[in-house]
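The residues making up each chain are set out below.
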Amino acid sequence: MGERVREHAEVLVGWSARIEQGDHVVVRVAEGAHDLAVAVAEQLGERGATIATAYAADEVSRAYLRGHDGDFETPEHELALYEHADAVLSLGGGRNTFATADVDGDTRQASARAVDPVREARLATDWVSTVHPTRSLAQQAGMSYEAYQDFVYDAVLRDWGALAGEMQQLKETLDAGSELRLVTERTDLTMSIEGRTAVNSAASVAYDSHNLPSGEVFTAPYATEGTVHFDVPMTISGSRVRDVILRFEDGRVVDHAADVGEETLTDILDTDEGARRLGELGIGMNRGIDRATDNILFDEKMGDTVHLAVGRAYDACLPEGESGNDSAVHVDLITDVSDDSRLEIDGDVIQRNGRFRWEEGFDADGSA
């Protein structure tokens, strides 16, 4: 086992999940993530936690979904597992990133609705998702396996406390704002953020952050109006999706299109009523992630990007006692803001062409 695998496990268990003695921990292990799972189990043992492991393979899911008649029931035994867990660590990997591409949309929707209580129970824990570099993920990213390993560990093994301090400036700006406007060559979108609390996503549950790597600041917008273009290609539910356009009226998607993967997009938006509303606005600030790899865990944190998610809103962004957008899905879509773009809060430009107003090189009036 490589030293970087052990360091990854230490960051995940210690910094990210903050596991303590006696914690009940579920470890979800994807294909190809065996070495990381072994290192994580060692860390959990040293901390005196209890462990239950679950196997998570896309090919197994495909076989089940294609074999089912579509009349799904909530798996109460899985629900009970997460209801009794303190933390859930999901170790991504896999052998084939398109393994579920031939599962039809109606089946996906029915399954998502049936397992929604399980998802809610998992999200009620101190959950953290990460990924172990595998050859299939390297292939999907268009990289050699060795280069992809370096990319992953450069994103994961960093000074998270220092990055948290940098991101705090954006969090405070969002928290004080009422209306946000995103403008690019093909986007003009406004949304309300008044009364919301932004999350400084510094890869730790102590920051209400649940991804490793992380490096974004996100909030839960509402009252969305206008049109947005997403130009970063990605794989969703095993299908390629590219150049997505969403048009919002009264906070709801009323029209949509995609150059590639429009049927997949339609299936997502038709899951339930909440799937046509935004659950998240996220702004990428991890400039250690400098290229898209067709993996949302990394791509949405990339510097010079903004992502929006249709579907479920995260409770951490909402006032106590208030319910945000509810849905069985939460699907992120990404747009590049490195050129010909600006992000405004209450009319003030806080980011232009990827540079924030507190950074060197920020162009306040767009004259450069």
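Predicted model only: the values in this text are computed from it and were never measured.

Asker: Quick question: what am I supposed to make of the overall build of the chain here?
Answerer: The secondary structure content of the chain amounts to 11 helices and 18 strands. Taking 2.2 N^0.38 as the reference for a compact globule, 368 residues should give roughly 21 Å; the C-alpha atoms of the chain span a radius of gyration of 20 Å, in line with that estimate. In the chain, 71% of the contacts between residues at least 6 apart in sequence involve partners at least 24 apart. Summing over all exposed atoms, the chain offers an accessible surface of approximately 15700 Å²; the carbon and sulfur share of this is 42%.

Asker: Help me understand the sheet that holds strand E1 (residues 24–30), please; the structure alone is not making it clear to me.
Answerer: Across a sheet, paired strands are connected by hydrogen bonds in the backbone, their directions being either parallel or antiparallel. Reading across from one edge, E2-E1-E3-E4 is the order of the 4 strands in this open sheet, with parallel pairing throughout. The open sheet terminates on both sides in strands that have one partner only, identified here as strand E2 (50–56) and strand E4 (126–131). Averaged over all pairs of adjacent strands, the angle between their axes in this sheet comes to 15°, without regard to strand direction. One ladder, built from 5 bridges, connects E1 with strand E3 (residues 87–92); its direction is parallel. What sits directly across from Arg-28, in E3, is Ser-90.

Asker: What is the right way to read a negative patch on the surface from this model?
Answerer: Together, Asp-69, Asp-71, Glu-73, Glu-76 and Glu-83 give the surface a local cluster of negative charge. Here Glu-83 is to be found in helix H4 (residues 76–83).

Asker: Could you clarify how one ought to interpret the nonpolar core in this entry?
Answerer: Grouped together as the largest cluster of nonpolar side chains are 83 residues, with contacts concentrated most on Val-40, Leu-91, Tyr-148, Leu-174, Leu-246 and Phe-298. Among all residues touching Leu-91, those that are not within four sequence positions of it are Leu-12, Val-27, Arg-28, Val-29, Ala-30, Ala-33, Leu-36, Ala-37, Val-40 and Thr-130. Leu-79, Val-118, Ala-121 and Leu-123 belong to the second-largest nonpolar core, a separate cluster that totals 9 residues.

Asker: Teacher, can you tell me more about the pattern of salt bridges here?
Answerer: A side chain with one charge may pair with a side chain of the opposite charge, provided their charged atoms come close. Inspection of the entire model under this criterion finds 21 salt bridges. Here Asp-150 makes a salt bridge to Arg-4, at a shortest N to O gap of 2.9 Å. Of this pair, Asp-150 sits in helix H8 (residues 145–156) while Arg-4 sits in helix H1 (residues 3–16), and the two are 146 residues apart along the sequence. The exposure class of Arg-4 is partly exposed, given its relative accessible area of 34%. Here Arg-247 and Glu-249 are joined by a salt bridge, their closest N and O atoms 2.7 Å apart. Members of the salt-bridge network, linked through shared partners, are Arg-181, Asp-188, Arg-342 and Glu-344.

Asker: I would appreciate a short explanation of the sheet that holds strand E7 (residues 199–201) in the present structure.
Answerer: What the 5 strands build is an open sheet, ordered E7-E8-E13-E14-E15; its pairing is antiparallel. Edge positions in the open sheet fall to E7 and strand E15 (330–336), since each of these has one partner strand only. Going across the sheet, the axis of each strand differs from the next one's by a mean of 25°, ignoring polarity. In this sheet, strand E8 (residues 216–219) lies alongside E7 in antiparallel orientation, the contact comprising 3 bridges. Counted as the bridge partner of Val-199 is Phe-218 from E8.

Asker: What exactly am I supposed to notice about unusual backbone geometry here?
Answerer: A negative phi angle is the norm for most residues apart from glycine, just as the trans form is the norm for most peptide bonds. The amide bond that connects Leu-212 to the next residue, Pro-213, takes the cis arrangement and shows omega of 5°. Relative to the helices and strands, Pro-213 is located in the loop between E7 and E8. In this structure, Asp-294 takes a positive phi of about 60° despite not being glycine. Take Asp-294: it is sitting in the loop between strand E13 (278–284) and helix H11 (296–299). The phi torsion at Asp-346 lies on the positive side, around 50°, for a residue other than glycine. Here Asp-346 shows up in the loop between strand E16 (342–345) and strand E17 (348–352).

Asker: I tried to follow the packing of aromatic side chains on my own but got confused; where do I start?
Answerer: Aromatic rings considered in pairs are described by the distance between their centres and by the relative angle of their planes. A complete count under the given rule lists 6 aromatic pairs for this structure. With a centroid separation of 5.8 Å and 65° between ring planes, the pair formed by Phe-218 and Tyr-314 is classed as edge-to-face. Taken together, the residues Phe-218 in strand E8 and Tyr-314 in the loop between strand E14 (305–311) and E15 connect sequence positions 96 residues apart. Considered together, Phe-218 and Tyr-314 belong to a single accessibility category, that of buried residues. Ring plane angle 0° and centroid distance 5.1 Å describe the contact between Phe-356 and Trp-358, whose orientation is recorded as stacked. Looking at Phe-356, the relative accessible area reads 1%, which means it is buried. Residue classification places Trp-358 among the partly exposed positions, given a relative accessible area of 28%. Just above the ring of Trp-127 sits the side chain of Arg-122; from NZ or CZ to the centre is 5.8 Å. The positively charged end of Arg-158 is found above the aromatic ring belonging to Trp-160, 5.7 Å away from the centroid.

Asker: I keep staring at the side chain of Thr-224 and nothing clicks. Help me out?
Answerer: Of note, Thr-224 is situated in strand E9 (residues 222–230). Using a relative accessible area of 1% as the deciding quantity, one classes Thr-224 as buried. Leaving out residues up to four positions away in the same chain, Thr-224 has contacts with Leu-189, Thr-190, Met-191, Phe-248, Glu-249, Asp-250, Gly-251 and Leu-278.

Asker: Honestly, the packing of H1 against H8 in this entry has me stumped. Any pointers?
Answerer: When two helices pack together, their arrangement is given by the angle between their axes and by how far apart the axes lie. For the pair H1 and H8, the least separation of the axes is 11 Å and the interaxial angle reads 35°. Read as a crossing pair, H1 and H8 show a hand that is left-handed. Along the contact surface, H1 presents Arg-4, Val-5, His-8 and Val-11, while H8 presents Gln-149, Asp-150, Tyr-153 and Val-156.

How each quantity is defined
- Residues numbered from 1 in each chain as written.
- Predicted model: local features only at pLDDT ≥ 70, side-chain atom pairs only at ≥ 80, totals over all residues.
- Heavy atoms only, no water.
- Helix = DSSP H or I, 4+ residues; strand = E, 2+ residues; numbered from the N terminus.
- Rg over C-alpha atoms; globule rule 2.2 N^0.38 Å.
- Contact = heavy atoms within 4.5 Å.
- Areas by Shrake-Rupley, 256 points an atom, 1.4 Å probe, with all protein chains shown as cover.
- Pairing = 2+ DSSP bridges.
- Axes fitted to C-alpha atoms, helices over the stretch in contact; angles between N-to-C directions.
- Patch = residues over 30% accessible without salt bridge, like charges linked within 9 Å, V, L, I, M, F, W, Y side chains within 5 Å.
- Salt bridge = Lys/Arg side-chain N within 4 Å of Asp/Glu carboxyl O.
- Lys, Arg positive; Asp, Glu negative; His and termini not counted.
- Charge placed at Lys NZ, Arg CZ, Asp CG, Glu CD.
- Core = buried A, V, L, I, M, F, W, Y, C linked by side-chain atoms within 4.5 Å.
- Buried < 20%, exposed > 50% of the residue type's maximum accessible area, 1.4 Å probe, protein only.
- Phe/Tyr/Trp six-rings, centres within 6.5 Å; stacked < 30°, edge-to-face > 60°.
- Lys NZ or Arg CZ within 6 Å of the ring centre and 35° of its normal.
- Left-handed = near helix turned anticlockwise from the far one by under 90°.

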